[in-house]
Amino acid sequence: GKRIQYPARYQLDITSQKKWYDAQGVEQFFIIVVRDDKISLAARHSHCGSVKLKKQEEDVGIKLIVDAINTFILKDHDNENVTSKTFKHWAAKQYQEGHHGRMLSALPSRDNVVVVSYETMVKLGSTYVRMLYEVLGIESIIIPDIRDSNEKYLNTSWP
């Protein structure tokens with residue numbers, strides 16, 4: 001058959017994609033990886049020289065993530081929907097439980113959609129991977145090597 005040609009730039013609409021595959025009876029998992037805003041913009045410098053386009057791309061990505069969170073993870077929480085302005089605070093709140101300080105809880109997930117923080121995964125390493133395995137129902141003792149790919153985007157002139 002003819003090879004599929006993808007556009008130079010595109011972003012997956014998680015919500016419409018998941019709904020379509022669900023209607024076909026196909027089980028799928030969506031792992032939404034969020035990253036530090038500045039690192040995310042810096043990471044795209046080699047394939048996009050336009051700051052305006054990078055910002056627009058970031059805004060579209062946030063809207064897609066927020067829509068997926070509201071549609072799948074918060075679908076039964078009428079008053080808890082997040083917006084592009086509040087989703088960072090919502091994600092942080094997911095890790096704060098009880099009244100006695102901070103306690104790490106399960107990753108925000110539901111209906112095979114899970115939100116993962118790249119920087120937290122790098123920081124916690126195998127602990128975070130095991131949390132992800134638990135959410136995804138994976139039984140494994142194999143933990144992949146996790147490397148911090150953000151270092152190349154940081155200013156190395158700081159001590």
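An account of the accompanying structure is given in this report. (Residues numbered from 1 in each chain as written. Predicted model: local features only at pLDDT ≥ 70, side-chain atom pairs only at ≥ 80, totals over all residues. Heavy atoms only, no water.)

Concerning the overall build of the protein chain
Turning to step 1, where the next piece is worked out: For the protein chain, the helix and strand inventory stands at 6 helices and 3 strands.
Turning to step 2, where the next piece is worked out: What you see in the protein chain, going N to C, is helices and strands ordered as α-β-α-α-α-β-β-α-α.
Turning to step 3, where the next piece is worked out: Within the span of the protein chain, comprising 159 residues, buried residues form 30% of the whole.
Turning to step 4, where the next piece is worked out: A separation threshold of at least 6 residues defines the contact pool for the protein chain, and within that pool the share at least 24 residues apart is 54%. (Helix = DSSP H or I, 4+ residues; strand = E, 2+ residues; numbered from the N terminus. Buried < 20%, exposed > 50% of the residue type's maximum accessible area, 1.4 Å probe, protein only. Contact = heavy atoms within 4.5 Å.)

Thoughts on helix α1 (residues 14-23)
Turning to step 1, where the next piece is worked out: Ile14, Thr15 and Lys18 are the residues of α1 that are buried. Along α1, the residues classed as buried sweep out an arc of 95° about the axis, all on the same side.
Turning to step 2, where the next piece is worked out: Its side-chain oxygen placed 3.2 Å from the backbone nitrogen of Thr15, Asp13 serves as the N-cap of α1.
Turning to step 3, where the next piece is worked out: Just beyond α1, the residue with positive phi is Gly25, at close to 80°. (Arc of directions from axis to C-beta. Polar contact = N/O pair within 3.5 Å; in protein donor to acceptor, adjacent residues only side chain to side chain.)

Details of the packing of aromatic side chains
How two aromatic rings sit relative to each other is given by the distance of their centres and the angle of their planes.
Turning to step 1, where the next piece is worked out: Within this structure, the stated rule accounts for 1 aromatic pair.
Turning to step 2, where the next piece is worked out: Look at Trp20 and Tyr21: their rings are 4.8 Å apart centre to centre, the planes differ by 90°, and that puts the pair in the edge-to-face class.
Turning to step 3, where the next piece is worked out: Using a relative accessible area of 30% as the deciding quantity, one classes Tyr21 as partly exposed.
Turning to step 4, where the next piece is worked out: In this arrangement the basic side chain of Lys18 is found over the ring face of Phe72, its NZ or CZ atom lying 5.4 Å from the centre.
Turning to step 5, where the next piece is worked out: Taking the ring centre of Tyr118 as reference, the NZ or CZ of Arg35 above it sits at 5.0 Å. (Phe/Tyr/Trp six-rings, centres within 6.5 Å; stacked < 30°, edge-to-face > 60°. Lys NZ or Arg CZ within 6 Å of the ring centre and 35° of its normal.)

Focus on the sheet that holds strand β2 (residues 109-110)
Strand pairing in a sheet relies on backbone hydrogen bonds. The paired strands run either parallel or antiparallel.
Turning to step 1, where the next piece is worked out: Pairing is mixed in the open sheet, where 3 strands are placed in the order β1-β3-β2. Every other strand in the sheet has two partners, leaving β1 (30-34) and β2 as the edge strands with one partner each.
Turning to step 2, where the next piece is worked out: Looking at chain direction, β2 and strand β3 (residues 113-117) are connected through 2 bridges and run antiparallel. Among the inter-strand pairings, Ser109 is bridged to a residue of β3, identified as Val114.
Turning to step 3, where the next piece is worked out: Packing of helix α3 (residues 51-73) onto the sheet brings it into contact with β1, β2 and β3, and relative to β3 it is tilted by some 135°. (Pairing = 2+ DSSP bridges. Axes fitted to C-alpha atoms, helices over the stretch in contact; angles between N-to-C directions.)

Thoughts on the nonpolar core
Turning to step 1, where the next piece is worked out: The biggest cluster of nonpolar side chains holds 11 residues, and these are Ile14, Phe30, Ile32, Ile65, Ala68, Ile69, Phe72, Ile73, Leu74, Val113 and Val115.
Turning to step 2, where the next piece is worked out: Within the residue set of this core, elements represented by two or more residues are β1, α3 and β3.
Turning to step 3, where the next piece is worked out: Top element by residues in this core is α3. It accounts for 5 residues.
Turning to step 4, where the next piece is worked out: The contacts of Val113, once residues within four sequence positions are left out, are Lys18, Phe30, Ile32, Phe72, Ile73 and Pro108.
Turning to step 5, where the next piece is worked out: Counting 9 residues, the second-largest nonpolar core is a separate cluster that includes Val114, Met121, Met131 and Leu136. (Core = buried A, V, L, I, M, F, W, Y, C linked by side-chain atoms within 4.5 Å.)

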